[in-house]
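Residues per chain are reported as follows:
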Amino acid sequence: MPTSPTQIQLIEPDDWHLHIRDGEIMKDVLRDTARQFARAIIMPNLNPPITTVDLATAYHARIQAQLSALGVDHFTPLMTLYLTDNTCVQEVSKAKAAGIAAFKLYPAGATTNSDSGVSDIKHCYAVLEAMQAVGMPLLVHGEVTHPEVDIFDREAVFIDQVLEPLRKYFPELKVVFEHITTLQAAHYVRDAATGGKNTLAATITPQHLLMNRNAIFAGGIRPHHYCLPVLKREKHRVALLEVASSGNPRFFLGTDSAPHSKGAKETACGCAGCYSAFNALGLYAEAFESVGKLDKLEGFASFFGPDFYSLPRNSKKITLVKRPQKIPMELPLGDSTIVPLRAGQTIAWSLD
Ligand code: DOR
Ligand code: ZN
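Residues numbered from 1 in each chain as written. Chains lettered and ligands numbered in written order. Predicted model: local features only at pLDDT ≥ 70, side-chain atom pairs only at ≥ 80, totals over all residues. Heavy atoms only, no water.

Asker: Help me get a handle on the coordination of the zinc ion (ligand 2), residues and values and all.
Answerer: Ideal geometry at a metal centre gives angles of 109.5 degrees when four donors are arranged tetrahedrally and 90 or 180 degrees when six donors are arranged octahedrally. Within the protein, His 17 (NE2), His 19 (NE2) and Asp 256 (OD) serve as the donor atoms for the zinc ion (ligand 2), at 2.0 to 2.1 Å. Each donor residue of the zinc ion (ligand 2) lies on the same chain, and together they follow the pattern H-x1-H-x236-D. Note that His 19 is positioned in the loop between strand 2 (15-18) and helix 1 (23-36) and Asp 256 in the loop between strand 9 (251-253) and helix 9 (262-265), a separation of 237 residues in sequence. Judged on exposure class, the residue His 19 and its partner Asp 256 are both buried. (Donors = N, O, S within 2.8 Å, 3.2 Å for Na, K, Ca; no water. Helix = DSSP H or I, 4+ residues; strand = E, 2+ residues; numbered from the N terminus. Buried < 20%, exposed > 50% of the residue type's maximum accessible area, 1.4 Å probe, protein only.)

Asker: Now, about the pattern of salt bridges: what can you tell me, with residues and values included?
Answerer: What the rule picks out here adds up to 18 salt bridges. The partner of Lys 296 in a salt bridge is Asp 295, and the shortest N-O contact between them spans 3.7 Å. With a relative accessible area of 29%, Lys 296 lands in the partly exposed category. For Asp 295, a relative accessible area of 41% gives the class partly exposed. Members of the salt-bridge network, linked through shared partners, are Glu 164, Arg 167 and Lys 168. (Salt bridge = Lys/Arg side-chain N within 4 Å of Asp/Glu carboxyl O.)

Asker: Tell me about the packing of aromatic side chains, and name the residues and values.
Answerer: Geometrically, a pair of aromatic rings is defined through the distance of the ring centres and the angle of the planes. Evaluated as defined, the whole model comprises 12 aromatic pairs. Summarising the aromatic geometry, the rings of Tyr 125 and Phe 170 are spaced 5.1 Å apart at their centres and angled 85 degrees between planes, so their arrangement reads as edge-to-face. Note that Tyr 125 is positioned in helix 4 (residues 125-134) and Phe 170 in the loop between helix 5 (154-169) and strand 7 (175-177), a separation of 45 residues in sequence. For Tyr 125, a relative accessible area of 18% translates into the label buried. Site record: aromatic cluster; members linked through ring pairs are Trp 16, Phe 252, Phe 308 and Tyr 309. Taking the ring centre of Phe 152 as reference, the NZ or CZ of Arg 213 above it sits at 4.6 Å. Seen from the ring of Phe 303, Arg 313 lies directly overhead, with NZ or CZ sitting 4.0 Å from the centre. (Phe/Tyr/Trp six-rings, centres within 6.5 Å; stacked < 30°, edge-to-face > 60°. Lys NZ or Arg CZ within 6 Å of the ring centre and 35° of its normal.)

Asker: Residues and numbers for the environment of Gly 135, please.
Answerer: For Gly 135, the location among the structural elements is in the loop between helix 4 and strand 6 (138-140). Residue class for Gly 135 comes out partly exposed when judged on its relative accessible area of 33%. Residues Gly 135 and Leu 105, 30 residues apart in the sequence, show an inter-C-alpha distance of 16 Å. With sequence-adjacent residues up to four places away left out, Gly 135 is seen in contact with Lys 96 and Lys 174. (Contact = heavy atoms within 4.5 Å.)

As structure tokens, then:
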């Protein structure tokens, strides 16, 4: 990949973890993502959640309709199903046949619209067995939700209590540890023995590569820096950036861009989620450049995701340029507005 201080070219990237919601606001967020990415894994945590192939098919049709309305014909949504305590085993083969990309595990109560999530992973063993058999990936929101566990420890405890036992029980199951936020998760994924198989990976968001938990409290409470899993200490950010920019194919791009209106964030009990879709690629470039690893961005953004999902890599090229861009204070979101990550600030990198 040719690298210069002011311009980089890469194969068109994909976003392996994205929330686009539904209805009117979907169009506004799809526009931002489709400008930068060829494909995206679409999260199923709608209200009610996308728990069946039929619901996913209908959701896919609504997405396609919005893409047509935007005049976008080069973006592929990859659909997922929301795992519940009651997911039927038969849904797995149906999903495989329908081209569903993955199932998503939300521990009940972990985050936005996770009330129907899994109360105990053991309830899903028959479904996981079927997923393992057909090579259907499981995407995990890796946090325990017991109220006695400190919010900053939820991910590390999840590794010991849920993920490691799960991977022992289903050694061939393909697992993506989503939006990892800790040194423990980074090192767990880096060091896990997989018998040479492609069974474990992790996505990492731009905010967790660029910020630590001080950013939530800088000069006052900053609701737009609140997401789940919550930002952690600096040593965790450093460990995440280290693995993301190491060229290790187990780590790839997933923004977890999660739109909530300005009003839903700036309130007494604000929603979790950062809206990074507006210039996610520029943010990743900034993170990789900060450690002199811009040459490793293409693998992370464009190669390792499709390789893990056994999908073809994209072929078109895009160019990122180092040209200061002011991020707007607010963007339209249906009949409301949204505050993007870095609102009102100037960022160095953007899409040509
Ligand atoms: O911050 C988050 N927002 N984390 C999640 O896991 C869900 C997401 C959302 O859907 O808003
Ligand atoms: Zn998410």
